[in-house]
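Here's the letter readout for the chains.
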Amino acid sequence: MTYHSPVKNRVLLTLVLLLWLAGFGLAFASHAPNRLVSGKGVSLASLLNGYSALLLLPAILLLVCAFVTLYGRNHLAVMLLAEILLTALVWLAGHSAIQLAGGDEDSIARTSLGGGFWAGAALCLLIASDAISRFTRNHSLRILLNVQMIVPVVLLLAYGQLAELSLLKEYDNRSDVFNDALWQHLGILAGTLVPAVLIGLPVGLLCHRKPRWRGPVLSVLNIIQTVPSIALFGLLLAPLAGLAKALPWLAEHGISGIGLAPAIIALVLYSLLPLVRGVIAGLESVPEAVIESARGMGMNRAQVFFRVQMPIALPVVLTGVRIVAVQTVGMAMVAALIGAGGLGAIMFQGLLSSALDLVLLGVIPAVLMAVVVDSLFKFAVSILETTRR
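Keep in mind the model is a prediction, meaning the values are calculated, not measured. (Residues numbered from 1 in each chain as written. Predicted model: local features only at pLDDT ≥ 70, side-chain atom pairs only at ≥ 80, totals over all residues. Heavy atoms only, no water.)

A. View of the nonpolar core. Residues F28, V78, L85, F117 and I127 are the most contacted members of the largest nonpolar core, which totals 46 residues. Mapped by element, the contributors of at least two residues to this core are α1 (10-25), α2 (44-47), α3 (56-65), α4 (74-100), α5 (115-135) and α7 (151-158). By residue number, the principal contributor to this core is α4, which donates 12 residues. If we ignore the near neighbours within four places in the chain, the residues touching V78 are L12, L62, C65, L70, I127 and A131. (Core = buried A, V, L, I, M, F, W, Y, C linked by side-chain atoms within 4.5 Å. Buried < 20%, exposed > 50% of the residue type's maximum accessible area, 1.4 Å probe, protein only. Helix = DSSP H or I, 4+ residues; strand = E, 2+ residues; numbered from the N terminus. Contact = heavy atoms within 4.5 Å.)

B. Looking closely at the packing of aromatic side chains. In total, this model carries six aromatic pairs according to the counting rule given. Ring centres of W20 and F24 lie 5.8 Å apart, and the angle between their planes is 20°; this geometry places the pair in the stacked category. Residue W20 and its partner F24 are located together in helix α1, separated by four residues, close to a single helical turn. Taking the relative accessible area as the measure of exposure, W20 reaches 26% and is therefore partly exposed. An angle of 85° between the planes, with centres 5.3 Å apart, marks the rings of Y171 and F178 as edge-to-face. Look at Y171 and you get partly exposed, because its relative accessible area is 26%. With a relative accessible area of 9%, F178 lands in the buried category. Every member of this aromatic cluster is reached through a ring pair, and the members are F28, F117 and W118. (Phe/Tyr/Trp six-rings, centres within 6.5 Å; stacked < 30°, edge-to-face > 60°.)

C. Empty space enclosed by the protein, seen in detail. Applying the stated criterion across every chain, the model contains two cavities of 30 Å³ or more. The space that makes up the largest cavity amounts to roughly 130 Å³. If you go around the largest cavity, you meet 14 residues; those closest to its centre are L19, G23, L44, L55 and L89. Secondary-structure elements contributing two or more residues to the lining of the largest cavity are α1, α3, α4 and α5. It is α1 that contributes the most residues to the lining of the largest cavity, four residues altogether. (1 Å grid on protein atoms, 1.4 Å probe; cavity = no way out; pocket = protein on both sides within 12 Å on 5 of 7 lines; lining within 4 Å. Points joined across faces, edges and corners; volume = space filled by probe spheres on them.)

D. Main features of the sheet that holds strand β1 (residues 29-32). Read from one edge of the open sheet, three strands run β2-β1-β3, paired in antiparallel fashion. In this open sheet, the two strands that pair with only one neighbour each are β2 (40-42) and β3 (110-113). The average undirected angle you get between the axes of adjacent strands in this sheet is 30°. Bridge count for β1 against β2 is three bridges, and the pairing is antiparallel. If you follow H31 over to β2, its bridge partner there is K40. (Pairing = 2+ DSSP bridges. Axes fitted to C-alpha atoms, helices over the stretch in contact; angles between N-to-C directions.)

E. View of a nonpolar patch on the surface. Taken together, I60, V64, F67 and V68 make up a surface patch of nonpolar side chains, about 310 Å² in accessible area. Inspection of the secondary structure puts F67 in the loop between α3 and α4. Judged by relative accessible area, which is 37%, F67 ranks as partly exposed. (Patch = residues over 30% accessible without salt bridge, like charges linked within 9 Å, V, L, I, M, F, W, Y side chains within 5 Å. Areas by Shrake-Rupley, 256 points an atom, 1.4 Å probe, with all protein chains shown as cover. Salt bridge = Lys/Arg side-chain N within 4 Å of Asp/Glu carboxyl O.)

Printed below as a string of structure tokens:
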């Protein structure tokens, strides 16, 4: 006799069970009378009264879906339920902050998001991502469906439903500092990507055309990659400080032992290995028969490279650039230690003052920036691959 398990989607069942455990096993929020006092945990069960209890409905339906065989567009129903649940969790967090503050907009009470909220939100996103991957194999459509998950959250932010949360109060108190830090972080990203691409493309092309250079070049770049970021920043301090002292005009243009210059140089050095490898892999993915056909048509070496090799290799090269961009967003956080600014400065300020919400004010935008950059490059790569077919 063959036993047939009633569970049709083990991944969904696991994620939903973890969702229930996180929701009712961890504090959903933390409330403190002011910023200086440790908060007291607030459970999700204590917040589910009245119409707030409707939040359980999508969670129950998701659990039911794990025992139902779903095909094609039915997976979109799972995604939609996860999106509704995520929106409800965010709304409940904002609503509870308003209730705990007593409706006073000038209240100094602080309501922070707890582990239950963060775990629940992450699991909702994982459930939706799994459903989207089962629904379609089209990378562009997957990216669009994943991105739209945060649209309701953005609308709640725009309409001020989350204004009483401690994280938003930290932003209100430091909006000018935050905006400057955000632009500084974007500046570090752009200032790293441009020179990294300008250096990495020729070096990758050299390694492709002259294989004898590949070993030494990749060995040097591997050594640079193994040096810890803090150590590399420190190694650059003394030579750049000496250079600025010897050539005062460099110091006048912002090049010194601390600040943006050593951060950009270090981040560019870290970027070269994945970029050079991406260029080599992309150029090697071009079939030799295609190159010979192009030469047979009378194309010279430059025409073969720009009209044949690069268009075919571009998706792989862009994948290398994507890795560099995401890596740079994260490593730029550490660059704040040498005065480069950016979102890392807010994060370290929060660490020094033991203010978790201030830490999150620096970390969350950096995570979102990395996700957005990654998605944009993935979308571009998928469009190129679709066009090439």
